[in-house]
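Breakdown of the fold
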Amino acid sequence: MAIFDEIEVEFARGLNCITGETGAGKSLILDALTLLMGARAGRELVRPGSEKTTIEALVSVSGRETVLRREIFATGGNRCYVDNRLTTAAGLAEVSSGIIHIYGQHEYQDLLNPRQHMKILEDYAGISRDRVERCHDDYTRARERLETLQAQIRAAADEREYLEHCMEELDAMPLEEGLEDRLSAELQTVRRAAELRDSALALVDMIYSGTPSMNDLGGQARQLLSRIAHYDHELEPLVQGMEGIMAQLGEIDAGLRRRMDAYEIDPGHAQQLEERLHALRDLKRKHRTDEAGLIRLGTEIGQKLAMLDASEQSTISARALVDETLKRYREALRTFLEARARAATKLCRAITKDLAELGMPGTDFRVEQPGPKDLDGISLEQDARAAAPGALLKGEFLVSTNVGQNVLPLARIASGGELSRIMLAIKARQNTSTEATLIFDEVDAGISGQTAIAIAAKLKDLSLNAQAIVVTHLHQVASVADAHFVITKTVRGRTTSSTLGRLTGSDRVMELARMMGGDSPSLTVIEHARELVGAHEAGRPREH
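Since we're looking at a predicted model, the values are computed, not measured.

Observations concerning a nonpolar patch on the surface
Taken together, the side chains of Leu203, Met206, Met214 and Ile252 define a hydrophobic patch exposed on the protein surface, amounting to about 320 Å² of accessible area. Of note, Met214 is situated in helix H9 (residues 214–231).

Some details on the sheet that holds strand S7 (residues 364–368)
Spatial ordering of the open sheet is given by S7-S10-S11, a layout of three strands whose pairing is antiparallel. Among the strands making up the open sheet, the edge pair consists of S7 and strand S11 (408–409). Both strand S10 (residues 396–400) and S11 contribute to a ladder of two bridges, which runs antiparallel. Within S11, the residue paired with Leu398 across the bridge is Pro409. Contacts between helix H4 (residues 114–125) and the sheet are confined to S7 and S10, with S10 contributing the most and set at about 95° to the helix.

Description of the pairing of strand S1 (residues 15–20)
Most of S1 is tucked away, with six of its six residues classed as buried. What you see with S1 is no split at all: Leu15, Cys17 and Thr19 on one side and Asn16, Ile18 and Gly20 on the other are buried throughout. Of the strand pairs in this sheet, S1 and strand S13 (residues 467–471) are connected by four bridges, and their pairing is parallel. Along S13, the bridge assignment pairs Ile18 with Val471. Sheet topology places S1 next to strand S14 (residues 483–492); five bridges connect them, and they run parallel. Looking at S14, one finds that Ile18 is bridged to Phe485.

Points about unusual backbone geometry
Within the chain, Asn84 stands out as a residue other than glycine whose phi angle is a positive 65°. Mapped onto the secondary structure, Asn84 falls in the loop between strand S4 (78–82) and strand S5 (85–87). Residue classification places Asn84 among the exposed positions, given a relative accessible area of 58%. With phi around 50°, Arg288 is a residue other than glycine that occupies positive phi space. Along the chain, the position of Arg288 falls in the loop between helix H11 (267–287) and helix H12 (291–309).

Quick notes on the environment of Ala57
Considering the arrangement of structural elements, one finds Ala57 in strand S2 (residues 52–61). We classify Ala57 as buried; its relative accessible area is 14%. Taking the C-alpha atoms as reference points, Ala57 and Val67, separated by ten residues in sequence, lie 5.8 Å from one another. When sequence neighbours within four positions are dropped, the list of residues in contact with Ala57 reads Leu36, Thr66, Val67 and Leu68.

Observations concerning the environment of Arg70
Along the polypeptide, Arg70 turns up in strand S3 (residues 64–73). The buried category is assigned to Arg70, whose relative accessible area is 2%. Between the C-alpha atoms of Arg70 and Val82, which are twelve residues apart in sequence, the distance is 8.9 Å. At a separation of 2.8 Å, a polar atom in the side chain of Arg70 contacts the main-chain carbonyl oxygen of Leu35. From its side chain, Arg70 meets the backbone oxygen of Ala39 in a polar contact 2.7 Å long.

As for the side chain of Gln476
Within the element layout of this structure, Gln476 appears in helix H18 (residues 475–479). Engagement of the side chain of Gln476 in a polar contact is seen with the side chain of His475, the distance being 3.2 Å.

Remarks on the nonpolar core
Within the largest apolar cluster, 52 residues are counted, with the highest numbers of intra-cluster contacts made by Leu111, Leu121, Phe397, Phe440, Leu459 and Val470. When sequence neighbours within four positions are dropped, the list of residues in contact with Phe397 reads Leu111, His117, Met118, Ile120, Leu121, Phe365, Arg366, Val367, Leu408, Pro409, Leu410 and Ile426.

Some remarks on the packing of aromatic side chains
A complete count under the given rule lists two aromatic pairs for this structure. Centroid distance Phe11 to Phe485: 5.3 Å. Interplanar angle 75°. Geometry classified as edge-to-face. Of this pair, Phe11 sits in the segment before S1 while Phe485 sits in strand S14; the two residues are 474 residues apart in sequence, bridging distant segments of the chain. Taking the relative accessible area as the measure of exposure, Phe11 reaches 21% and is therefore partly exposed. Aromatic pair Phe365 and Phe397: ring centres 5.1 Å apart, planes at 55°, arrangement tilted. One end of the pair, Phe365, is in strand S7; the other, Phe397, is in strand S10, with 32 residues separating them in the sequence. With a relative accessible area of 2%, Phe365 lands in the buried category. Note on Phe397: relative accessible area 0%, which makes it buried.

Overview of the sheet that holds S14
If you walk across this open sheet you meet the six strands as S6-S12-S13-S1-S14-S15, and the pairing is mixed. The open sheet has two edge strands, strand S6 (100–103) and strand S15 (495–503), and neither has a second partner. Averaged over all adjacent pairs, the angle separating strand axes in this sheet is 20°, with direction ignored.

Describing the environment of Arg79
Its place among the elements puts Arg79 in strand S4. For the pair Arg79 and Arg69, spaced ten residues apart in the sequence, the C-alpha separation amounts to 8.3 Å. In this structure Arg79 touches Arg69, Arg70, Glu71, Phe73 and Leu86, once residues within four positions along its chain are discounted.

With respect to the pattern of salt bridges
This model, assessed by the stated rule, comprises 20 salt bridges. In this structure, the salt-bridge partner of Lys52 is Glu71, at a minimum N-O distance of 3.4 Å. With a gap of 19 residues between them, Lys52 in strand S2 and Glu71 in strand S3 connect regions that are remote in the sequence. Here Arg319 makes a salt bridge to Asp323, at a shortest N to O gap of 3.0 Å. With Arg319 and Asp323 both in helix H13 (residues 311–357), this residue pair falls four residues apart, about one helical turn. On the accessibility criterion, Asp323 (39% relative accessible area) is partly exposed.

Details of helix H17 (residues 449–463)
The end-to-end C-alpha separation of H17 is 21 Å, in line with the 21 Å expected for 15 residues at 1.5 Å each. Taken together, the buried positions of H17 are Thr451, Ala452, Ala454, Ile455, Ala456, Lys458, Leu459, Lys460, Leu462 and Ser463.

Section: the pairing of S15
Sheet topology places S14 next to S15; nine bridges connect them, and they run antiparallel. Bridge pairing in S15 links Ile487 to Leu500. The antiparallel hairpin formed by S14 and S15 contains two residues in its connecting segment, where Gly493 sits at a positive phi of about 65°.

What counts and what doesn't
- Residues numbered from 1 in each chain as written.
- Predicted model: local features only at pLDDT ≥ 70, side-chain atom pairs only at ≥ 80, totals over all residues.
- Heavy atoms only, no water.
- Patch = residues over 30% accessible without salt bridge, like charges linked within 9 Å, V, L, I, M, F, W, Y side chains within 5 Å.
- Areas by Shrake-Rupley, 256 points an atom, 1.4 Å probe, with all protein chains shown as cover.
- Salt bridge = Lys/Arg side-chain N within 4 Å of Asp/Glu carboxyl O.
- Helix = DSSP H or I, 4+ residues; strand = E, 2+ residues; numbered from the N terminus.
- Pairing = 2+ DSSP bridges.
- Contact = heavy atoms within 4.5 Å.
- Axes fitted to C-alpha atoms, helices over the stretch in contact; angles between N-to-C directions.
- Buried < 20%, exposed > 50% of the residue type's maximum accessible area, 1.4 Å probe, protein only.
- Polar contact = N/O pair within 3.5 Å; in protein donor to acceptor, adjacent residues only side chain to side chain.
- Core = buried A, V, L, I, M, F, W, Y, C linked by side-chain atoms within 4.5 Å.
- Phe/Tyr/Trp six-rings, centres within 6.5 Å; stacked < 30°, edge-to-face > 60°.
- Expected span 1.5 Å × (residues − 1).

Scope: geometric values only; no functional claims are made or implied.
This is the structure in structure tokens:
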């Protein structure tokens, strides 16, 4: 990866530190871990001349081992795996986020951004805004339904006279799909009634009254066929067919006689059909639709008129739902703020205590936020809408770093070193799994002296309950680590590479001496480094 060719490292339990000269690539180790947490991957992470970079971690949680792996290709693509099963970057992040926690310089920006303060507090309290947001969504939907109903009522009221006229026209024309075709066919039948009646009478006469009639000829044909079939049995089916023909002649005669009653010459009926047909065609042209569309239109107009008739009661019901959802929203806000206020009191007391131990005695850490009682004096509705949770749940961290000074917003008063300690104090109090790995990147930047000793002690305390890895430039931190790793950069020709190795014995002494006294430490510095290592290995504190 980048300046690394191939490295393999097994971090120890407790506190692990990574040191090395500036530019050696200390932070690349943590960058590799961020890739296992779903961070964006680019081709620049692939070492020149290589096809891909592979980052793999074996983690153990509750005795169960999980393998996380990500491959980044020089072509720009990448693949993610969990226990050798292909997954997405989001899927990889979902698994790793619960077991790896990285705290780096970006955390300072969180502390300087008031928008992040309440998220930190809520994470500490273990509370979620989900219920508050659901109640606000319910209110918003109820409010939108009321506004939509009111707009529909206003629009319908403005066109009520037109709607009633359209409804009268549609009611006067009993509608059904295919009505125009049926009316056209019926009109043709009425117009040709005389011609149709004469033809039907002539056909009835041919069937039974002609000389000879179709019935007589059919009977004769049936007798002849029966005689033939008496001797030629293969023709018996034809006899049955002939009997069917005779039966069909009877059905045709009966059907014609029944239908002839409809062939009455009635000019008035024809005129009525023409008027209905013209009225239907006018409606279809007017509304630019077919019979099915007219049926739907009638239903819609009926609903609008019914809505107008019931508008008062509908508005009352919709308004009642708005009031009820607003009440639930206010109750959810109150419950949430009560829980957050309790957590804030507890957090402020703990942070103030921890900061005193980190070399900031007299610090007063507070949370400025609306309390449950503040809701009583707040109108949740602004411009006819309730304010969203984000607007009502704002808050900010305040701090006074010296006795007697006013508490002010954290971003206005805290220095870089103070921010480091405040961040560390907060992280020490957050609900972090004891089986998670805590990773600190340059958390001790800008710190020295007694403050550095306090930082080292706090990191050591954290590592008693969880594996911790820290990238550090402080010998005070490195000297208390349970495992000390160093990154060394070498240049061969036009190729730069770095290696990572664990230090023990005299190698660790010399790295501590370098951190204290530079590349050429004095014998006194080396001896002091040896004493620090010896004190840590003996398990007793030592003045740094």
